[in-house]
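Letter by letter, the chains look like this.
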Amino acid sequence: MLGSEVVPQLLFLIPTLILPFSAAYHVGVNYGTVANNLPPPHQVVNFIKTKTNINHVKIFDTNPDILAAFSGITGISLTVTIPNSDIVSLSKLPNARSWLSGHILPFLPTTSIRYIAVGNEVIATSDKTLITHLLPAMEALTLALHLANVTGILVSTPHSLGILSGSSEPPSSGKFRKGYDKAIFIPILEFHNRTKSPFMVNPYPYFGFGPETLNYALFNSNDYVFVDPVTKMNYTNMFDAQLDAVYSAMKRVGYGDVDIVVAETGWPSAGEPNQTGVGLDYAAAYNGNLIKHVNSGKGTPLMPNRVFETYIFSLFNENLKSSVSEQNFGLFKPDFTQVYDVGIMKTNKVRFD
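**What to know about the packing of aromatic side chains**
Item 1. Counted by the stated rule, this structure contains 20 aromatic pairs.
Item 2. Here Phe219 and Phe239 contribute two aromatic rings whose centre-to-centre distance is 6.1 Å and whose plane-to-plane angle is 40°, an arrangement assigned as tilted. Of this pair, Phe219 sits in the loop between α8 (214–217) and β9 (226–227) while Phe239 sits in helix α9 (residues 238–252), and the two are 20 residues apart along the sequence. By the burial criterion, Phe219 is buried, and Phe239 matches it.

Written as structure tokens, this is what we have:
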């Protein structure tokens, strides 16, 4: 149960500041499949294509049924993911070429694949073997794509915000964790700069808010504005502050011009009993306002006038996840009904690219 100092503000702000549903926005989604009640991939893809304005989809594997279902679908690009367990093997070029031949090439060019994500939040595992093989695997896969004469597919890897030092507040002071900046992130960012691939991050204000910053996390910022004491810039939402902390860390090591992609972000619509800040209204506020914000072209205080390619977590509620909140990050139920409306259905008339 929320404290009384938060609830009245939130209930007042959600109806007035949330995304107006008369507008339609493009957005990416993470299509997770940790469930036993989801519709088959061909039905999912048909729904995305015919009923929504979703134009980027990220999956957490290379499920051939999903890749085949996207065959011939125009206007929707796909990100596939290599599991962390395959990273060491794929750091060797012969293995990378074999993996590409078995998992990707059979679906080209009819399936539009935009990115190959090598693992997920690898640095957060603290597994030194995985971490040391991450960039070699990215390099090997990039070379394998070149040798196969494949163009238009870029290689990256998503990071949690745990890559940042604990002293990355205010946003202008953002920096990578000590010992990781030179050994890990300068080489990775050099790779991104050279290959024109994006630096992928998973910012979750849901995991960073306190009672006094809940509305700030939900983009409902009338009652809370953070002023960076160094830049004197105003932050009206936590999402911008998190992205700018990442940008500051990148700029600090000389790579502020590498593109950033938001590979995951979201908010659960249900949780454990008495869990603070969890529910339909909160999830609708965060994801609705997020979609409006990233489509606006406003950018962030340190990265103005930018539209960030953003993937909401997730497409469906997934009933085999380990906790109630993790099971309820979806925009849709398995029967394709909306958990809540965030303005991405084709029934919305105005498109905001």
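Okay, back to it.
**Points about the environment of Tyr247**
Item 1. Within the secondary structure, Tyr247 sits in helix α9.
Item 2. Through-space distance from the C-alpha of Tyr247 to that of Ala124 is 19 Å; in sequence the pair is 123 residues apart.

**Regarding the sheet that holds strand β2 (residues 27–31)**
Item 1. Taken in spatial order, the nine strands of this open sheet run β6-β5-β4-β3-β2-β12-β11-β8-β7, and their pairing is parallel. The two strands at the open ends of the sheet, each matched to only one other strand, are β6 (154–156) and β7 (158–160). Between one strand and the next, the sheet's axes are offset by a mean angle of 25°, whatever the strand orientation.
Item 2. Direction of pairing for strand β11 (residues 260–265) relative to strand β12 (residues 310–313): parallel, over a ladder of two bridges. Bridge pairing in β12 links Val262 to Thr310.

**Overview of helix α7 (residues 181–195)**
Item 1. Look at α7: 20 Å from first C-alpha to last across 15 residues, which is about the 21 Å you get at 1.5 Å a residue.
Item 2. Of the positions making up α7, those classed as buried are Ile184, Phe185, Ile188, Leu189, Phe191, His192 and Thr195. For α7, the arc enclosing every buried residue in end-on projection is 150°, short of the 170-degree limit, so these residues lie on one face. Of the residues in α7, the exposed ones pointing more than 90 degrees away from the buried face are Lys182 and Ala183.
Item 3. Here the buried face of α7 lies against α6 (128–147), β6, β7, β8 (199–202) and α9.
Item 4. Backbone geometry just after α7 places Lys196 at a positive phi near 60°.

**Focus: the environment of Arg306**
Item 1. Mapped onto the elements of the fold, Arg306 is located in the loop between α10 (280–295) and β12.
Item 2. With relative accessibility at 25%, the residue Arg306 sits in the partly exposed group.
Item 3. Separated by 87 residues in sequence, Arg306 and Phe219 have C-alpha atoms that sit 18 Å apart.
Item 4. Not counting chain neighbours up to four residues away, the residues in contact with Arg306 comprise Val258, Asp259, Ile260, Gly297, Lys298 and Gly299.

**A short note on the pairing of strand β5 (residues 113–118)**
Item 1. Most of β5 is tucked away, with five of its six residues classed as buried.
Item 2. With five bridges joining them, strand β4 (residues 77–82) and β5 adopt parallel strand pairing. The residue bridging Val80 from the neighbouring strand is Ile116, located in β5.
Item 3. As paired strands, β5 and β6 are joined by three bridges and run parallel to one another. Paired with Ala117 across the bridge in β6 is Ser156.
Item 4. Where the polypeptide runs from β5 across α6 and back to β6, its parallel neighbour, the crossover connection is right-handed.

Procedures and definitions
- Residues numbered from 1 in each chain as written.
- Predicted model: local features only at pLDDT ≥ 70, side-chain atom pairs only at ≥ 80, totals over all residues.
- Heavy atoms only, no water.
- Phe/Tyr/Trp six-rings, centres within 6.5 Å; stacked < 30°, edge-to-face > 60°.
- Helix = DSSP H or I, 4+ residues; strand = E, 2+ residues; numbered from the N terminus.
- Buried < 20%, exposed > 50% of the residue type's maximum accessible area, 1.4 Å probe, protein only.
- Pairing = 2+ DSSP bridges.
- Axes fitted to C-alpha atoms, helices over the stretch in contact; angles between N-to-C directions.
- Expected span 1.5 Å × (residues − 1).
- Arc of directions from axis to C-beta.
- Contact = heavy atoms within 4.5 Å.
- Right-handed = clockwise from strand over helix to strand, strands pointing away.

No statement about biological role is implied by the geometric values presented.
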